[in-house]
Amino acid sequence: MEEGGVEALLEKPRRVPNFKNRVDEETETAVVDYAVEYPAYGQVRVSNELRKQGVFVSASGVRSIWLRHDLANFKARLKALEAKVAEDGIILTEAQVQALERKKLDDEAWGEIDTAHPGYLGSQDTFYVGTLKGVGRIYQQTYVDTYAKTAQAKLYTTKTPITAADMLNDKVLPFHELHDLPLLRILTDRGTEYCGRADRHDYQLFLAINDIEHTKTRVKSPQTNGICERFHKTILQEFYQVTFRKKIYETIEQLQNDLDVWIDHYNNERTHQGKICEGRTPMQTLEDGKRIWKEKLIGQT
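Residues numbered from 1 in each chain as written. Predicted model: local features only at pLDDT ≥ 70, side-chain atom pairs only at ≥ 80, totals over all residues. Heavy atoms only, no water.

Engineer: Would you explain the packing of aromatic side chains in this entry?
Structural biologist: In this description, a pair of aromatic rings is defined by centroid distance and the angle of the planes. For the coordinates displayed, the defined rule picks out 13 aromatic pairs. Seen in terms of ring centroids, Phe127 and Tyr240 are 6.2 Å apart; in terms of plane orientation they differ by 35°. Their pairing is tilted. In this pair, Phe127 sits in strand S1 (residues 122-132) while Tyr240 sits in helix H8 (residues 226-246), placing the two residues 113 residues apart along the sequence. Residues Phe127 and Tyr240 agree in their burial class; the two are buried. On the basis of an interplanar angle of 55° and a centroid distance of 6.2 Å, the ring pair of Phe231 and Trp262 is categorised as tilted. Here Phe231 is found in helix H8, whereas its partner Trp262 is found in helix H9 (residues 252-268), with 31 residues between them in sequence. The exposure class assigned to Phe231 is buried, which follows from its relative accessible area of 3%. The exposure class of Trp262 is buried, given its relative accessible area of 9%. Taking NZ or CZ as reference, Arg45 lies 3.8 Å from the ring centre of Tyr41, over its face. (Phe/Tyr/Trp six-rings, centres within 6.5 Å; stacked < 30°, edge-to-face > 60°. Helix = DSSP H or I, 4+ residues; strand = E, 2+ residues; numbered from the N terminus. Buried < 20%, exposed > 50% of the residue type's maximum accessible area, 1.4 Å probe, protein only. Lys NZ or Arg CZ within 6 Å of the ring centre and 35° of its normal.)

Shown next as structure tokens:
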């Protein structure tokens, strides 16, 4: 008011966009179709490839068209491709198949793994907790169900095939038996506590005896086990960093008792914002997912 007077208080309409600067409809359609045909291509490459076909549009022009049609990133273009496949039933080209496979690998790397129901795939990993005076190094064996996100954890002073198998025997399998759910497959990294000769390795032998399929992460890609990695970040921030500031532990049993209390809270009270849980607790997600498993079991019999 002091600087601009009364005119400064008046609503000024925004500048009307100059549609004359937009590309013609044929060019826009070509760019959109090419984005679905080759979703992995960036804007510069799309501009160059379309130029070969006689369609002249700059890289920034491609970007502007993508923004108008919600195709600005790789994931959005893949979503458009999946929608077109579902709607038209088209046969995918080799480039489209490669793009979808790349998305699947990227999803796995960030913890987004295809999983059908609770017990379909479990994720196990080792987490270094720290050192307790008079006890030594403390390792946590972690198990997370990739569907329901229910978690189990047990502390050890070593990380060996025996401790990895003991975790399943003491925590995981009893939990699944209690809820009448089988454990079909388990995902681990390629650490020595999980991998070795099947006829001599205690963990491998335990999986074979209990008829559990073993899937390993890709070589040099431990982030493929991203669900456990994300859980480790949560438990570090919400449990360990808090409890070590409030209490001094003299034995591993004392720490395990408090860990069990927190795990119970995590499974039964703490809501999870993942794409399957969608604001439910892991136990609520597990109970709802049991219906899917039972329907699938009935359909097979």
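Still to come is the rest of the account.
Engineer: Quick question: what am I supposed to make of the side chain of Thr281 here?
Structural biologist: Considering the arrangement of structural elements, one finds Thr281 in the loop between H9 and helix H10 (282-300). Among the residues examined, Thr281 registers a relative accessible area of 5% and is labelled buried.

Engineer: Sorry if this is basic, but what is going on with the nonpolar core here?
Structural biologist: Taken as a class, soluble globular proteins show a tendency for nonpolar side chains to be buried jointly. Ranked by internal contacts, the top residues of the largest apolar core, which has 21 residues, are Leu155, Phe231, Ile235, Tyr240 and Leu259. Where this core is concerned, the elements lending two or more residues are S1, strand S2 (136-145), strand S3 (151-156), H8 and H9. (Core = buried A, V, L, I, M, F, W, Y, C linked by side-chain atoms within 4.5 Å.)

Engineer: Hey, could you run me through the environment of His265 in this one?
Structural biologist: Relative to the elements of secondary structure, His265 occurs in helix H9. Judged by its relative accessible area of 31%, His265 falls in the partly exposed class. Expressed as a C-alpha distance, the spacing of His265 and Thr281, which sit 16 residues apart in the sequence, is 9.6 Å.

Engineer: Sorry, what's going on with the pairing of S1 here?
Structural biologist: Consecutive side chains of a regular strand alternate in pointing toward one face of the sheet and then the other. Extensive coverage of S1 is indicated by the burial of nine of its 11 residues. Examined bridge by bridge, S1 and S2 share 10 bridges and lie antiparallel to one another. When the sheet's bridge partners are listed, Gly122 is paired in S2 with Asp145. The turn joining S1 and S2, which pair antiparallel and follow one another in sequence, is formed by three residues; a positive phi near 85° is taken by Gly134. Sheet topology note: the S1/strand S4 (residues 185-188) ladder contains two bridges and is parallel. What sits directly across from Ser123, in S4, is Leu187. (Pairing = 2+ DSSP bridges.)

Engineer: I keep staring at the pairing of strand S5 (residues 213-216) and nothing clicks. Help me out?
Structural biologist: In the sheet, S4 pairs with S5 via four bridges, with the strands oriented parallel. The residue bridging Thr188 from the neighbouring strand is Lys216, located in S5. Note on the crossover from S4 through helix H7 (residues 202-209) to S5: the handedness is right-handed. (Right-handed = clockwise from strand over helix to strand, strands pointing away.)

Engineer: Whenever I open this one, unusual backbone geometry confuses me. Can you help?
Structural biologist: Only a minority of non-glycine residues have a phi that is not negative, and only a minority of peptide bonds are not trans. One non-glycine residue, Asp70, adopts positive backbone phi at about 55°. Assignment of secondary structure puts Asp70 in the loop between helix H3 (59-68) and helix H4 (74-88). A relative accessible area of 60% places Asp70 in the exposed class. In this structure, Asp180 is a non-glycine residue whose phi angle is positive, near 55°. Mapped onto the fold, Asp180 is located in the loop between helix H6 (161-178) and S4.

Engineer: Before we go on, may I ask you to explain the environment of Ala164 in this structure?
Structural biologist: Checked against the element boundaries, Ala164 lands in helix H6. The class of Ala164 is buried, set by a relative accessible area of 0%. A sequence separation of 42 residues divides Ala164 from Phe206, and the C-alpha atoms of the two residues are 9.6 Å apart. Apart from the residues within four sequence positions on either side, Ala164 is in contact with Gln124, Gln141, Glu193, Tyr194 and Tyr203. (Contact = heavy atoms within 4.5 Å.)

Engineer: Just to check I follow, could you spell out the sheet that holds S5 for this structure?
Structural biologist: Through backbone hydrogen bonds, the strands of a sheet pair up, either in parallel or in antiparallel fashion. In space, the five strands of this open sheet follow the order S3-S2-S1-S4-S5, with mixed pairing throughout. At either end of the open sheet lies a strand with only one pairing partner, and these are S3 and S5. For this sheet, the mean angle separating the axes of adjacent strands, direction not counted, is 25°. Strands S1, S2, S3 and S4 of the sheet are contacted by H6, whose axis makes an angle of about 145° with S3. Sheet strands in contact with H8 are S1, S2 and S3, and its direction is about 30° off that of S1. (Axes fitted to C-alpha atoms, helices over the stretch in contact; angles between N-to-C directions.)

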